[in-house]
Amino acid sequence: MTDVWYVVAGWVVISGGMALYAVTLLRRLRGTRERSLKIRRGAEAAASDEGSE
Amino acid sequence: MKTRILGVVALLAVLAAAANALFVVPADLNQGDAQRIMYVHVPSAWLGYLSGGVTALAGIGYLWKRDLRLDAIALSAAEMGVMFTAFAIWGGMMWARPIWGVFWQWEDPRLTTTALLLALYAGYLLFRRLTDDPHRRAARAAVVGLVAAADIPIVHFSVEWWRGLHQGPTIGSPDKLLTPAAPSQFVIALLAMLGAFTLAWAWLMIRRYQLARIQWQLEEHGRLGRLSAARRAATSTSASVQASTEGAP
Amino acid sequence: MTGARADLAIAWAIARKDALSELRGRQAAGSTLFFAALVLLLFGFALGPDSRKLAEAAPGLLWLAIVFGGLLTVARLHQVETDDDALDQLARYPVDRRAIYLGKALAGLLAMAVLGGLLLPVVGIMYSVDLLAAGPGLLLTLLLGAIGFAAVGTLYAGVTVRMRAREVMLPLLMLPAIAPLLLAAVKATTAALAGDPLGEFWPWVQLLAGFDVIMLIAGGAGYGFLLEE
C-alpha cells in the first residue's frame, strides 16, 4: 500500500466511526424517547380511567 | 435546542478542519502524506484521556453526592473513551506502518500506554453490565474508575522509562507536531482539528447522557411496574381468599 | 485504645484470621502454587528449548507465573467471606473500612510473598538462573511486587466477589491495572540477577514503591465505598 492508502484508512475509520456512532446514538435516543412518551401516555390514560370511575 | 446548534457547529468545524488538514496543509518533508494521520490520531488520543478524566471525576462525584446523574456522565464518558482510544490506536497503527514499517512497536510508549487505556475502559464498561441495581453499579464503577485513573500516570511513567532504556526509533516521531519547532501551519491545523473534535465530543457526551437518563427512567419504571404488579397479585389473592371464605357461610 | 491503634489491631486480627484459614485450608494454597509451577513448565515448552533464551526470559516468566497464581490467590481470600456472609457482618461493625482493607491486603501480601518465594527455586532450576547472585535485591523486588499486587487485588476481589462472571471479571480488571507493576518488577528482577550493570535497579524499585503507595491509598479509599452497599 502506498502511503496515501494508510492515510485514507486512518481517516475513514476514525471519522466514519464517529459518524456511525453519532447516527446510532440519535436513533437510540429517538427510540427510547418514544417509548418513554408511550408509557407516560399510558399511565395518564390509566389515571384518568381510575379518576372517572 | 442549544445542543442541536452545538451539533451543527461541531460538524461544520470538523469538516472545515479536516478539509484544511487533508488538502490545504502541505505534506511533511520527511514523513510525506502519512503525517496527515496525526491530525486525527492526536485529537483522538487527547479525547481518550479527557474522557478518562471525566469518568474518574464523575465517579468520585457520585461517591460523594450519590446522584445518579453523575453516574450517567461517567458512563457516557467511558463510552467516549473506548471509542476515541480505539481510534487513537488505529490512527497510531496506520501511521506506524508507512513510517516504521510495522503496525506495532513495543518501544513506542504512546501506543502501549493507549492500548492499556483501552483495556481499562473496556473492562470498566463490561464490568458495569454485570450489576443491575443502579446505585450499586454506580458505586462499584466509581471505585474501579478511581483505581484505573490512579493507574494511568504510573503506566505513563513506567512505559516512558521502559522506552528510555532502549534506543527509540529515530526516524520520525509522533511528537513532531507537538514540538515548538514545528511549522506554524501544521500546528494551527492540528489545533483546529483538536478544537473541532472536542466540540464533537461535547455534543456526543450530551446526547449520550440524555440517552442514559431516559434509559434509567425506563429501567426504574420497569422495576416499579414489576413491584406494583407483584403487590396487586398479592392483594388480589388475599381478596379472593376473603371473598371465598365470606361466600361460604 | 485510641482510634488508630484500635484500627490497626482490627487489621491485624483480620490478617491473622485469613492467614490461619489459608494455613488450615492449605490444599487450596498448595494447588495455586502447583498451578503457577505448571505455568512455568509450560512456558518452557512454549519458548524453549534454547536455554539461553529461557534464562533471559526468566524474570518475565517468573512474574507472569506470580501474576496468574496471584489472581487465584486474591480471589480465594475473598471467597471465604461470602460463604458465610462474613463480609456483610464485618461491615456492620463500626470499624474504619480501611482497617478491613488493610487486614485483607496484609493477608494477601503474605500469601503472594510465599507464592513468589516458593516459585524462585522453581525458576532457578528450570531456567538455570543463579538466584544467589541476585542477593537481597531480588527479595526486595518480590516484596514490593507482592505489596502492589495485594493492594490492587484486594480491592478488585472485594468489588467482584459478589458479581456474576467474577472468575473472568477479576483478571479482566486486574491485568491492565497491574501492567506497570509487572513491567517494573521484571526490570528490577533482571537488573538484580545481572548484578545491576547499568544502575537500573533502584529507579525501577522506586517506581514499584510508588505504585504500591498509590494503590494502597486508592484501594483503601475505594474499599470503604464497597462495604456500604
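Residues numbered from 1 in each chain as written. Chains lettered and ligands numbered in written order. Predicted model: local features only at pLDDT ≥ 70, side-chain atom pairs only at ≥ 80, totals over all residues. Heavy atoms only, no water.

Caption draft 1: Here's a closer look at the overall build of chain A. When you go through chain A residue by residue, the secondary structure sums to one helix and zero strands. Expressed as a percentage of its 53 residues, the buried residues of chain A come to 25%. By element, 61% of the accessible surface of chain A is carried by carbon and sulfur atoms, the whole surface being about 3,700 Å². (Helix = DSSP H or I, 4+ residues; strand = E, 2+ residues; numbered from the N terminus. Buried < 20%, exposed > 50% of the residue type's maximum accessible area, 1.4 Å probe, protein only. Areas by Shrake-Rupley, 256 points an atom, 1.4 Å probe, with all protein chains shown as cover.)

Caption draft 2: Spotlight on the nonpolar core. In terms of nonpolar packing, the biggest core is built from 93 residues, with Y127, Y156 and M174 of chain C touching the most fellow members. Setting aside anything within four residues of it in sequence, one finds Y127 of chain C in contact with L40, F43, G44, L54, A55, A58 and L61 of chain C. Counting residues in each nonpolar core, the second largest holds 48 residues, with Y21 of chain A together with L6, A189 and L204 of chain B among its members. (Core = buried A, V, L, I, M, F, W, Y, C linked by side-chain atoms within 4.5 Å. Contact = heavy atoms within 4.5 Å.)

Caption draft 3: Summary view of the interface of chain B and chain A. Across the boundary between the two partners, chain B contributes 35 residues, which contact 22 residues of chain A. Of the roughly 2,600 Å² buried where chain B meets chain A, counting both sides, 80% is carbon and sulfur surface. Looking at the side of chain B facing chain A, the largest losses of area belong to F87, L211 and L218 of chain B, adding up to 21% of the total buried there. Where chain B touches chain A, the interface holds zero salt bridges. Viewed at the interface, chain A and chain B are joined by four residue pairs in polar contact (both at pLDDT 80 or more). (Buried area = accessible area lost by both parts, 1.4 Å probe. Salt bridge = Lys/Arg side-chain N within 4 Å of Asp/Glu carboxyl O. Polar contact = N/O pair within 3.5 Å; in protein donor to acceptor, adjacent residues only side chain to side chain.)

Caption draft 4: How the structure looks around the interface of chain C and chain B. Facing the 30 residues of chain C at the interface are 31 residues of chain B. Approximately 2,700 Å² of surface area, both sides summed, lies buried where chain C meets chain B, with 77% of it carried by carbon and sulfur atoms. At the junction of chain C with chain B, the criterion picks out one salt bridge. Across the pair R164 of chain C and D132 of chain B runs a salt bridge whose closest N-O atoms are separated by 3.3 Å. Linking chain C to chain B there are one residue pair in polar contact (both at pLDDT 80 or more).

Caption draft 5: Representation of the side chain of H41 of chain B in the model. Looking at where H41 of chain B falls in the secondary structure, it is placed in helix α2 (residues 38–65). Those residues in contact with H41 of chain B that lie beyond four places of it in its chain are A88, G91 and G92 of chain B.

Caption draft 6: Examining the packing of aromatic side chains more closely. Counted under the stated rule, the structure contains seven aromatic pairs over all chains. Between W104 of chain B and W106 of chain B, the aromatic rings sit 5.9 Å apart at their centres with planes inclined by 70°, giving edge-to-face as the arrangement. Consider the rings of F201 of chain C and W202 of chain C, whose centres lie 5.3 Å apart with planes at 75°: the pair is edge-to-face. For F201 of chain C, a relative accessible area of 6% puts it in the buried group. Each member of the aromatic cluster is reached from another via a ring pair, and the members are F84, F87 and F197 of chain B. Its end group placed over the ring of W64 of chain B, K65 of chain B keeps NZ or CZ at 4.5 Å from the ring centre. Against the face of F103 of chain B rests R97 of chain B, its NZ or CZ located 5.5 Å from the ring centre. (Phe/Tyr/Trp six-rings, centres within 6.5 Å; stacked < 30°, edge-to-face > 60°. Lys NZ or Arg CZ within 6 Å of the ring centre and 35° of its normal.)

Caption draft 7: Molecular detail of the pattern of salt bridges. All names here are of chain B. Applying the stated rule across the entire model yields 11 salt bridges over all chains. Where R36 meets D33, a salt bridge forms, and the shortest distance between an N and an O atom there is 3.0 Å. Residue R36 is classed as buried on the basis of its relative accessible area of 9%. With a shortest N-O distance of 3.3 Å, E220 and R223 are connected by a salt bridge. Residue E220 and its partner R223 are located together in helix α6 (residues 184–247), separated by three residues, close to a single helical turn. What makes E220 partly exposed here is its relative accessible area of 22%. Bridged by salt links that share partners, the residues R137, E219, E220 and R223 form one connected network.

Caption draft 8: Highlighting the side chain of T85 of chain B. Residues and elements named next belong to chain B. With respect to the helices, strands and loops of the structure, T85 is situated in helix α3 (residues 68–100). A polar contact is formed between the side chain of T85 and the backbone oxygen of G81, at a distance of 2.6 Å. Residues contacting T85, with those up to four places away along its chain left out, are G48, T114, L117, L118 and Y121.

Caption draft 9: View of the packing of helix α5 (residues 97–126) of chain C against helix α6 (residues 136–160) of chain C. Residue and element names in this part refer to chain C. With their axes 8 Å apart at the nearest point, α5 and α6 run at an angle of 135° to one another. Viewed along their axes, α5 and α6 adopt a mutual orientation that is oblique. Crossing hand, α5 versus α6: right-handed. Residues Y101, K104, A105, G108, L109, M112, A113, G116, G117 and L120 of α5 form the contact with α6, whose own contacting residues are L138, L139, L142, L143, A146, I147, F149, A150, A151, T154 and L155. (Axes fitted to C-alpha atoms, helices over the stretch in contact; angles between N-to-C directions. Parallel < 35°, antiparallel > 145°, perpendicular 65-115°, else oblique. Left-handed = near helix turned anticlockwise from the far one by under 90°.)

Caption draft 10: Highlighting the packing of helix α2 (residues 26–47) of chain C against α5 of chain C. Residue and element names in this part refer to chain C. Two elements in contact, α2 and α5, have axes separated by 10 Å at closest approach and are oriented at 30°. The pairing of α2 with α5 is recorded here as roughly parallel in orientation. Of the two possible hands of crossing, α2 and α5 adopt the one that is right-handed. Residue-level inspection shows T32, L33, A36, A37, L40 and L41 of α2 in contact with α5, the latter providing L115, L118, L119, V122, V123 and M126. Considered class by class, the residues forming the contact of α2 with α5 number 11 nonpolar, one polar and no charged. (Nonpolar A, V, L, I, M, F, W, Y, C, P; charged D, E, K, R; others polar.)

Caption draft 11: Layout of the confidence of the model for chain B. For chain B, the mean per-residue pLDDT works out to 85, and 88% of the residues sit at or above 70. In the predicted complex, the global pTM is 0.85; the interface-specific ipTM is 0.84. (pLDDT = per-residue confidence, 0-100.)

Caption draft 12: Expanded view of unusual backbone geometry. Phi is positive for R66 of chain B, close to 55°, though the residue is something other than glycine. Among the residues examined, R66 of chain B registers a relative accessible area of 31% and is labelled partly exposed. A positive phi angle, near 55°, is found at S128 of chain C, a position not held by glycine. One can find S128 of chain C in the loop between α5 and α6.

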